[in-house]
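Geometric and topological summary
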Amino acid sequence: MSATTTPASQKSRRPTAWQLLMNNRLAAAGFYIIAALVVLVVAAPILPIDNPDTIDLAGRLQPILSDGHLLGTDHLGRDILARLIWGSRVSLAVGLSASLIAAFFGSLIGLVAGYAGGRADNIMMRGIDMLMAFPYILLALAIVAVLGPGLMNALYAIAVVNIPFFARNIRGITVGLAHREFVDAARLSGKSHTSIVLTEILPNVLPIIVITMSTTVGWMILETAGLSFLGLGAQPPQADLGSMLGEGRSLLFTAPSVSIIPGVMVFIIVMSINLLGDGVRDALDPRLRAGALNRPLPVTRIDRADRSETSAAGKGAALSVENLQTGFESTQGTMPAVKGISFAVQKGECLGLIGESGSGKSVTALSLLGLVASPPGVITGGSVAIDGRDIFSMHDTEIASYRGSRVAYIFQDPLTTLHPLFTVGEQVAEAVRAHQQVSRNEAHAKAVALLDTVRIPDPAKRAAAYPHELSGGQRQRVGIAMALANDPDIIIADEPTTALDVTVQAEILRLLQALRQERGLALLFITHDFGVVAEICDRVAVMRHGEIVETGKTADILGNPQHPYTQRLIACVPRLGQGKAFLEGLRQLPKVEGV
Ligand code: ADP
Ligand code: MG
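Scoring rules and cut-offs
Residues numbered from 1 in each chain as written. Chains lettered and ligands numbered in written order. Predicted model: local features only at pLDDT ≥ 70, side-chain atom pairs only at ≥ 80, totals over all residues. Heavy atoms only, no water. Helix = DSSP H or I, 4+ residues; strand = E, 2+ residues; numbered from the N terminus. Rg over C-alpha atoms; globule rule 2.2 N^0.38 Å. Buried < 20%, exposed > 50% of the residue type's maximum accessible area, 1.4 Å probe, protein only. Contact = heavy atoms within 4.5 Å. Areas by Shrake-Rupley, 256 points an atom, 1.4 Å probe, with all protein chains shown as cover. Lys, Arg positive; Asp, Glu negative; His and termini not counted. Charge placed at Lys NZ, Arg CZ, Asp CG, Glu CD. Pairing = 2+ DSSP bridges. pLDDT = per-residue confidence, 0-100. Near = heavy atom within 4 Å. Polar contact = N/O pair within 3.5 Å; in protein donor to acceptor, adjacent residues only side chain to side chain. Nonpolar A, V, L, I, M, F, W, Y, C, P; charged D, E, K, R; others polar. Axes fitted to C-alpha atoms, helices over the stretch in contact; angles between N-to-C directions. Left-handed = near helix turned anticlockwise from the far one by under 90°. Parallel < 35°, antiparallel > 145°, perpendicular 65-115°, else oblique. 1 Å grid on protein atoms, 1.4 Å probe; cavity = no way out; pocket = protein on both sides within 12 Å on 5 of 7 lines; lining within 4 Å. Points joined across faces, edges and corners; volume = space filled by probe spheres on them. Salt bridge = Lys/Arg side-chain N within 4 Å of Asp/Glu carboxyl O. Patch = residues over 30% accessible without salt bridge, like charges linked within 9 Å, V, L, I, M, F, W, Y side chains within 5 Å.

Our next topic: the overall build of the protein chain. Looking only at helices and strands, the protein chain features 24 helices and 11 strands. Its C-alpha atoms give the protein chain a radius of gyration of 34 Å, clearly above 25 Å, the size a compact globule of 595 residues would have. In terms of overall dimensions, the protein chain has C-alpha extents of about 105 × 60 × 55 Å along its principal axes. Counting all 595 residues of the protein chain, 46% fall into the buried class. Of the contacts made within the protein chain by residues no fewer than 6 positions apart, 69% connect residues no fewer than 24 positions apart. For the protein chain, the exposed area adds up to about 29000 Å²; of that, 61% sits on carbon and sulfur atoms. Positive and negative side-chain charges of the protein chain, numbering 49 and 50 respectively, have mean locations separated by a distance of 3 Å.

Turning our attention to the pairing of strand β3 (residues 333–345). Walk down a regular strand and you will see the side chains alternate between the two sheet faces. As defined by bridge partners, strand β2 (residues 319–330) adjoins β3 across 10 bridges and the pair is classed as antiparallel. Of the residues in β3, the one forming a bridge with L319 is V345.

Across the protein chain, the average pLDDT comes to 86, with 93% of residues at 70 or higher. Predicted confidence in the protein chain is weakest over helix α11 (residues 286–289), with a mean pLDDT of 59, and strongest over helix α2 (residues 25–42), with 94. Within the model, pLDDT remains below 50 along residues 1–12, and this stretch shows 17 contacts once partners closer than five positions in the same chain are excluded.

This part takes up the site of ligand 1. Around ligand 1 sit F328, A337, E356, S357, G358, S359, G360, K361, S362, V363 and P376, and those are all the residues in its vicinity. One of the backbone N or O atoms of G360 is found 3.0 Å from an oxygen atom in ligand 1. Here an oxygen atom of ligand 1 and a side-chain polar atom of S362 are 2.7 Å apart. At 3 residues, helix α13 (residues 361–367) tops the list of elements feeding residues into the shell around ligand 1. Of the residues contributing to the shell around ligand 1, the split by class is 4 nonpolar, 5 polar and 2 charged.

With that settled, consider the sheet that holds strand β10 (residues 539–544). Hydrogen bonds between backbone groups are what pair the strands of a sheet, and the pairing can be parallel or antiparallel. Spatially, 6 strands are ordered β7-β8-β9-β4-β10-β11 in an open sheet, and the strand pairing comes out mixed. In this open sheet, the two strands that pair with only one neighbour each are β7 (407–410) and β11 (547–553). Shown here is a sheet whose adjacent strand axes are inclined to one another by a mean of 15°, direction ignored. Two strands pair when backbone bridges link them, and β10 and β11 are joined in this way by 6 bridges, in the antiparallel orientation. Within β11, the position partnered with R539 by the bridge is K553. Across the sheet, helix α23 (residues 564–571) touches β4 (350–354), β10 and β11, and the angle it forms with β10 is around 110°.

With that settled, the discussion passes to the packing of helix α3 (residues 80–116) against helix α10 (residues 257–284). Packing of α3 against α10 leaves a shortest axis separation of 11 Å and a crossing angle of 35°. In terms of crossing hand, the pair formed by α3 and α10 is right-handed. On α10, the residues that touch I80, L84, S88 and L92 of α3 are V258, I261, P262, M265, I269 and I273.

Here the focus is unusual backbone geometry. In this structure, P237 follows P236 across a cis peptide bond, with omega equal to 5°. Relative to the elements of secondary structure, P237 occurs in the loop between α8 (193–229) and α9 (241–249). Located in the positive-phi region is D487, a residue other than glycine, with phi close to 50°.

To continue, consider the packing of α2 against α3. It is at 9 Å that the axes of α2 and α3 come closest, and there the two elements cross at 110°. It follows from the interaxial angle that α2 and α3 lie roughly perpendicular. Seen along the crossing, α2 lies across α3 with a hand that is left-handed. In this structure, α2 contributes L40, V41 and V42 to the contact, and α3 contributes I85, S88, R89 and L92. Tallied by class, residues from the contact of α2 with α3 come to 5 nonpolar, 1 polar and 1 charged.

Okay, the layout of surface pockets next. Taken as a whole, the largest pocket spans an internal volume of roughly 560 Å³. Residue assignment for the lining of the largest pocket shows that the elements contributing at least two residues are β7, α15 (414–417), α16 (424–435) and α19 (472–484). Grouping the amino acids of the lining of the largest pocket by side-chain chemistry returns 11 nonpolar, 8 polar and 3 charged.

Turning next to the pattern of salt bridges. Counting across every chain of the model gives 24 salt bridges. We note a salt bridge from R168 to D129, for which the minimum N-O separation is 2.9 Å. Here R168, found in helix α6 (residues 151–178), pairs with D129, found in helix α4 (residues 118–132); they are 39 residues apart in sequence, far enough to count as distant. Note that R519 and D487 form a salt bridge whose closest N and O atoms lie 3.0 Å from each other. Linking R519 in helix α20 (residues 502–519) with D487 in the loop between α19 and β8 (490–494), this pair joins segments that are 32 residues apart in sequence. Since its relative accessible area comes to 33%, R519 is described here as partly exposed.

It is worth spelling out the side chain of R83 at this point. Considering the arrangement of structural elements, one finds R83 in helix α3. Side-chain polar atoms of R83 contact the backbone oxygen of P52, separated by 3.1 Å. Contact partners of R83, with chain neighbours within four places excluded, come to P52, D53, D74, R78, S88, P237, Q238, A239, M244 and E247.

A contiguous nonpolar surface patch, about 790 Å² in accessible area, is contributed by I33, L252, F253, I260, V264, F267, I268 and M271. For the nonpolar patch, the element with the most residues is α10, which contributes 5 residues. Positionally, M271 belongs in helix α10. Exposure remark for M271: the relative accessible area of 41% places this residue in the partly exposed category.

This brings us to the environment of L276. Along the polypeptide, L276 turns up in helix α10. Sequence separation between L276 and P237 is 39 residues, and the spatial gap between their C-alpha atoms is 32 Å.

Applying the stated rule across the entire model yields 2 cavities of 30 Å³ or more. As for the second largest cavity, its lining consists of D74, I80, R83, M244, E247 and V258. Contributing elements (two or more residues each) for the lining of the second largest cavity: α3 and α9. Classifying every residue of the lining of the second largest cavity gives 3 nonpolar, no polar and 3 charged.

Printed below as a string of structure tokens:
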């Protein structure tokens, strides 16, 4: 086996959330500042600092760096350094608790409303809308006015005014998830609503909750400080950053350091929390993590340890593949999907590539022109030659110029490959214009002619139809028309008939067969159905677990399969009138490991 098992030293290319966070320099700086501050304020009781509340009227308003008072004293002679550390402790604790409370209740409301939908959703969200109708600081003031001033009441007020923020965010995401297939499946399996919300939905919204929290903590610390500044939060003599600012305000000109020092501290805390929060958001966002925003490379990453040359026999072939190896990068190293396969397709010939689902057929087909999405795909070895020219040593743009012109693809599910918002005529014309310098009208005329070639009735009229207005068989014909648009030499058909019923399948096969003979196309036909292979292929390669286990003329392989896996595949094609004997026959075949 020529599988490329990657050494342990070559670790995953997809970084963990923590690595992503630390790679972001600003976020890392924010993290270290906050971590240092947290250590400092947690250690406040054991630090060699004065009691923050000890009044010493004789030593009031001492300047910075005065004896025994590193940051000076305030208007009551209290040590500013001690008050700063204890005050930061209070501010951080209140801000963090407020955001935890807001996150808990807000997310709960969002989850329930989004999952329940209907009237429950309506009532909850209108309640949230009412909260949001007041300017939030006024609302916080009103709540404190009702509850009375005090640190705990300020905390509740800040938490309450921030609940809508979480509720709306989480509800929006939950609504999107509540009707996804995996939730329906959980419902069908008999799970209760509570357990669906907790085990299916919550894990999907958890990153969003953390992200929302990390971006609001700083804000809540500011709001708490704001309430204390107005005298509604921390009550004297207790220090928090807001109340220190408030007390220092009247001395701004005589002793500016009294208010500037807590001001700078608020700035540092909020700034570093926000930097960290942004970093956390970038690192945790599931779309960013899944690489949705990394655009795949134009050509699969090629990292060939071995560049098997095209053999002399392969040189004359339309398409020749030598020891091709393709893998996918994962946290455990590179997982091979295609493990060194070789085959050749001559002009005018049809080679069938057959194998069970997951055996690596599609990855092989996509590798030929570097179309495997990368990351995570990587071509780890071998070579592909088209008309004797090595594809993987070409420049990206040259490889791209082969796609759709010299080599065309037909895929399995035509509904997903066609754009739903353009007419099929426009899409075929677009395929023409991608490689040919023709006017819009000429392209359209060509498109209609192509639709006629693939035997779509009344092509001029059908060209104006949207994909959903066509039947499955017709859509697949449109796919074939697009493949033919630039007179390719090679067509790679990846299970083009699997989604179709048998009669339509037969028609499509006949069409492909006719086109091949008319145009001398080389056809690589991928399928898992030996019945289809028997119908159109000259030769067959049987693929299993990323390797070709047997190859030869279709008639030979069908008549005298050597590999037990091939025997089983052939036996799986039912014949009319066989009845139960078919299943019995399957049972008596030799066992193949893994089948
Ligand atoms: P099939 O023969 O049914 O067309 P594929 O060629 O699609 O099978 O897949 C072959 C193997 O490659 C499978 O084991 C599959 O899990 C793996 N694979 C395919 N695409 C990816 C991907 N994007 N990331 C990781 N593994 C993949
Ligand atoms: Mg496939």
